[in-house]
Amino acid sequence: MGKAIFVTGTGTEVGKTYVTALIVKKLSDAGMNVGYYKAALSGAEICGGRLVPGDAEYVYRTAGLTGDPACAVSYIYKEAFSPHLAARVAGEPVEMAKVKEDFNRRLALFDYLVVEGSGGVVCPIRWDGATRIMLEDIIKEFGLRCLIVGDAGLGAINSAVLTASYMKERGIETAGVILNNWEPENLIHADNKKMIEELSGAPVLCETVRGARVLPLSASALAALFR
């Protein structure tokens, strides 16, 4: 049975899938047996009469993984909504039993499994009647540590610290923060990094510049974060 880690974002469009792909690529390039999993993906495109999981396809393509990316996602929805709403429109609610089965199946195949979330950590996955599943329920169900991906620019302090604080209140361990769209000479970015570490207590593990093809963190340091 392998080890896993969960990747969440400080919000939408901060580069979570992009950084996730670099994480998987780093481990794969180091010769490690690494896989990818996502419980619910919304905003899929239709190609050839089937829903195409764009995030999963991007990770597979970037990291050079083989196999069908659709097998790495439990629920694929057409509408680019929050998963709970996309599921309601599709008439296909997320079942925790299927998520458990798919997660454990993927975990059995790989030494390292990178699990990508949907949007930010405060994300409803299912919300109908008495059945309510939040993204944090999936994280806690599998006892995963989290990596937080956030944009390095203005607003980074607030979003990263609030995300880390929320997870701490919910009993979820933060392994560290990765800042995306990093500009080495930008005074704001440098100060954001410093303040995030001081206010959240979580280390900024590395920074990725726009368009980077390699994660600036060693494979061994990355692998040590998995549990």
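Residues numbered from 1 in each chain as written. Predicted model: local features only at pLDDT ≥ 70, side-chain atom pairs only at ≥ 80, totals over all residues. Heavy atoms only, no water.

Draft legend 1. Expanded view of the packing of helix α6 (residues 156-169) against helix α7 (residues 187-200). In the contact formed by α6 and α7, the axes pass within 9 Å of each other and the chain directions differ by 25°. It follows from the interaxial angle that α6 and α7 lie roughly parallel. Relative to α7, α6 is oriented so that their crossing is right-handed. Contact residues: Ala156, Ile157, Ala160, Val161 and Ala164 in α6; Asn192, Met195, Ile196, Leu199 and Ser200 in α7. By residue class, the composition of the contact of α6 with α7 is eight nonpolar, two polar and no charged. (Axes fitted to C-alpha atoms, helices over the stretch in contact; angles between N-to-C directions. Helix = DSSP H or I, 4+ residues; strand = E, 2+ residues; numbered from the N terminus. Parallel < 35°, antiparallel > 145°, perpendicular 65-115°, else oblique. Left-handed = near helix turned anticlockwise from the far one by under 90°. Contact = heavy atoms within 4.5 Å. Nonpolar A, V, L, I, M, F, W, Y, C, P; charged D, E, K, R; others polar.)

Draft legend 2. Just the sheet that holds strand β11 (residues 204-208), in detail. One open sheet accounts for seven strands, arranged β5-β2-β6-β1-β9-β10-β11; its pairing is parallel. Every interior strand has two partners, whereas the edge strands, β5 (73-76) and β11, have only one. Neighbour to neighbour, the strand axes of the sheet diverge by 25° on average, direction disregarded. In the packing of helix α2 (residues 54-63) onto the sheet, the strands contacted are β2 (34-41), β5 and β6 (112-120), and the crossing angle to β2 comes to about 170°. Of the strands in this sheet, β1 (3-9), β2, β5 and β6 touch helix α4 (residues 96-109), which is tilted by about 170° from β2. (Pairing = 2+ DSSP bridges.)

Draft legend 3. Fine view of the pairing of β11. When you tally the buried positions in β11, you get four out of five residues, the bulk of the element. Here strand β10 (residues 174-180) pairs with β11 via four bridges, running parallel. Along β11, the bridge assignment pairs Ile178 with Cys206. One crossover worth recording links β10 to the parallel β11 by way of α7, and it is right-handed. (Buried < 20%, exposed > 50% of the residue type's maximum accessible area, 1.4 Å probe, protein only. Right-handed = clockwise from strand over helix to strand, strands pointing away.)

Draft legend 4. Seen up close, α7. Here α7 contains 14 residues, and its C-alpha end-to-end distance of 20 Å stays within 8% of the 20 Å for a straight helix at 1.5 Å per residue. Among the residues making up α7, those that are buried are His189, Asn192 and Ile196. Looking down the long axis of α7, one finds its buried residues gathered within 50° of arc, a one-sided arrangement. For α7, the exposed residues set more than 90 degrees away from the buried face come down to Leu187 and Glu198. Looking at the buried positions of α7, the neighbouring elements they touch are α6, β10 and β11. The N-capping residue of α7, defined by a side-chain oxygen 2.8 Å from the backbone nitrogen of Ile188, is Asn186. (Expected span 1.5 Å × (residues − 1). Arc of directions from axis to C-beta. Polar contact = N/O pair within 3.5 Å; in protein donor to acceptor, adjacent residues only side chain to side chain.)

Draft legend 5. How the structure looks around empty space enclosed by the protein. Taken as a whole, this structure holds one cavity of 30 Å³ or more when the rule is applied. Phe6, Tyr37, Lys38, Ala39, Ala40, Val115, Glu116, Gly117, Ser118, Ile125, Leu135 and Ile138 together form the lining of the largest cavity. Elements that contribute at least two residues to the lining of the largest cavity include exactly β2, β6 and α5 (135-141). (1 Å grid on protein atoms, 1.4 Å probe; cavity = no way out; pocket = protein on both sides within 12 Å on 5 of 7 lines; lining within 4 Å. Points joined across faces, edges and corners; volume = space filled by probe spheres on them.)

Draft legend 6. The packing of aromatic side chains, seen in detail. Taken as a whole and judged by the stated rule, the model has four aromatic pairs. A ring pair is formed by Tyr75 and Tyr77, whose centres lie 6.3 Å apart and whose planes are at 15°; its orientation type is stacked. For the residue pair Tyr75 and Tyr77, the accessibility class agrees, reading buried in each case. Both rings, one in Tyr112 and one in Phe226, keep their centres 5.2 Å apart while their planes meet at 80°; by these two values the pair is edge-to-face. In this pair, Tyr112 sits in strand β6 while Phe226 sits in the segment after α8 (219-223), placing the two residues 114 residues apart along the sequence. A residue is classified by how much of its surface remains accessible, and Phe226, at 3% relative accessible area, is buried. Members of the aromatic cluster, joined through ring pairs, are Tyr37, Phe103 and Phe142. Sitting above the plane of the Tyr75 ring, Lys98 keeps its charged end 6.0 Å from the centroid. (Phe/Tyr/Trp six-rings, centres within 6.5 Å; stacked < 30°, edge-to-face > 60°. Lys NZ or Arg CZ within 6 Å of the ring centre and 35° of its normal.)

Draft legend 7. Just the nonpolar core, in detail. Val99, Phe103, Leu113, Val115, Ile138 and Leu144 are the most contacted members of the largest nonpolar core, which has 41 residues in total. Examining the composition of this core, we find that five residues originate from one element, α6, more than from any other. With near-sequence residues (within four places) excluded, Leu144 lies in contact with Ala4, Phe6, Phe103, Val115, Ile139 and Ile172. Membership of the second largest hydrophobic core comes to 38 residues, among which are Val7, Ala21, Ile23 and Tyr112. (Core = buried A, V, L, I, M, F, W, Y, C linked by side-chain atoms within 4.5 Å.)

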